[in-house]
Amino acid sequence: MSVARPAATILRRPLQQDLKKHVTIAFALSAVAAVAWKVLVADPRKKKYQEFYKTYDEERQFKRMVEAGVFDSVKPNAEKSEWIANYEKEVDQAIAALKK
């Protein structure tokens, strides 16, 4: 009784052939997922942040939080110390000089 041998091409490197196919598919799917995430999630989120910060007034929000008592280190209606006023004056002058 003789045993029939399977064809040599069937047994030759099946793991390598499957890996090539699966790696190609995985790469393609990950690229599609990355593009979809960027288009469907990241870009709209970025646009919403840009629209929000066009009209956002951080000074006004800070003053509102100070008045509400959110910060322990900043007292509502407290005057600025002299060195802070001088520093802000120097900064304003430096900014004006840079704009010239």
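Because the structure is predicted, anything quoted here is derived from the model rather than measured. (Residues numbered from 1 in each chain as written. Predicted model: local features only at pLDDT ≥ 70, side-chain atom pairs only at ≥ 80, totals over all residues. Heavy atoms only, no water.)

Undergrad: Account for the pattern of salt bridges, with residues named and values stated.
TA: Scanning the model with the defined rule gives 1 salt bridge in all. Between D43 and K38 there is a salt bridge, with its nearest N and O atoms 3.1 Å apart. D43 sits in the partly exposed class, given a relative accessible area of 31%. (Salt bridge = Lys/Arg side-chain N within 4 Å of Asp/Glu carboxyl O. Buried < 20%, exposed > 50% of the residue type's maximum accessible area, 1.4 Å probe, protein only.)

Undergrad: Just give me the short version of the UniProt feature "transmembrane region" (unreviewed entry) in the chain, but keep the residues and values in it.
TA: With numbering matched to this structure, UniProt assigns "transmembrane region" (unreviewed entry) to residues 23-41. As annotated, residues 23-41 comprises 100% helix and 0% strand, and the C-alpha atoms at either end are separated by 26 Å. (UniProt positions renumbered as here; feature names shortened; annotations may be inferred. Helix = DSSP H or I, 4+ residues; strand = E, 2+ residues; numbered from the N terminus.)

Undergrad: Help me get a handle on the packing of aromatic side chains, residues and values and all.
TA: Each aromatic ring pair is summarised here by two numbers: the centre-to-centre distance and the angle between the ring planes. All told, the structure shown has 4 aromatic pairs when counted by the stated rule. With a centroid separation of 4.9 Å and an interplanar angle of 85 degrees, the aromatic rings of F52 and Y53 are classed as edge-to-face. An aromatic cluster of at least three residues, connected via ring pairs, comprises F52, Y53 and Y56. (Phe/Tyr/Trp six-rings, centres within 6.5 Å; stacked < 30°, edge-to-face > 60°.)

Undergrad: A description of a nonpolar patch on the surface should follow, citing residues and the corresponding values.
TA: Together, Y49, F52, Y53 and Y56 line one region of the surface with nonpolar side chains, adding up to about 450 Å² of accessible area. Relative to the elements of secondary structure, Y56 occurs in the loop between α2 (14-55) and α3 (58-68). For Y56, a relative accessible area of 32% puts it in the partly exposed group. (Patch = residues over 30% accessible without salt bridge, like charges linked within 9 Å, V, L, I, M, F, W, Y side chains within 5 Å. Areas by Shrake-Rupley, 256 points an atom, 1.4 Å probe, with all protein chains shown as cover.)

Undergrad: Hey, could you go over the environment of I95 for me, with residue numbers and the actual values?
TA: Topologically, I95 is positioned in helix α4 (residues 82-99). Since its relative accessible area comes to 40%, I95 is described here as partly exposed. Taking C-alpha positions, I95 is 45 Å from A33, a pair spaced 62 residues apart along the chain.

Undergrad: Break down the confidence of the model for the chain for me, with residues and values.
TA: A low pLDDT score tells you not to read the predicted coordinates there in detail. Taken residue by residue, the chain gives an average pLDDT of 88. The fraction at 70 or more is 91%. Element-level mean pLDDT values for the chain span from 65 in helix α1 (residues 8-11) up to 96 in α2. (pLDDT = per-residue confidence, 0-100.)

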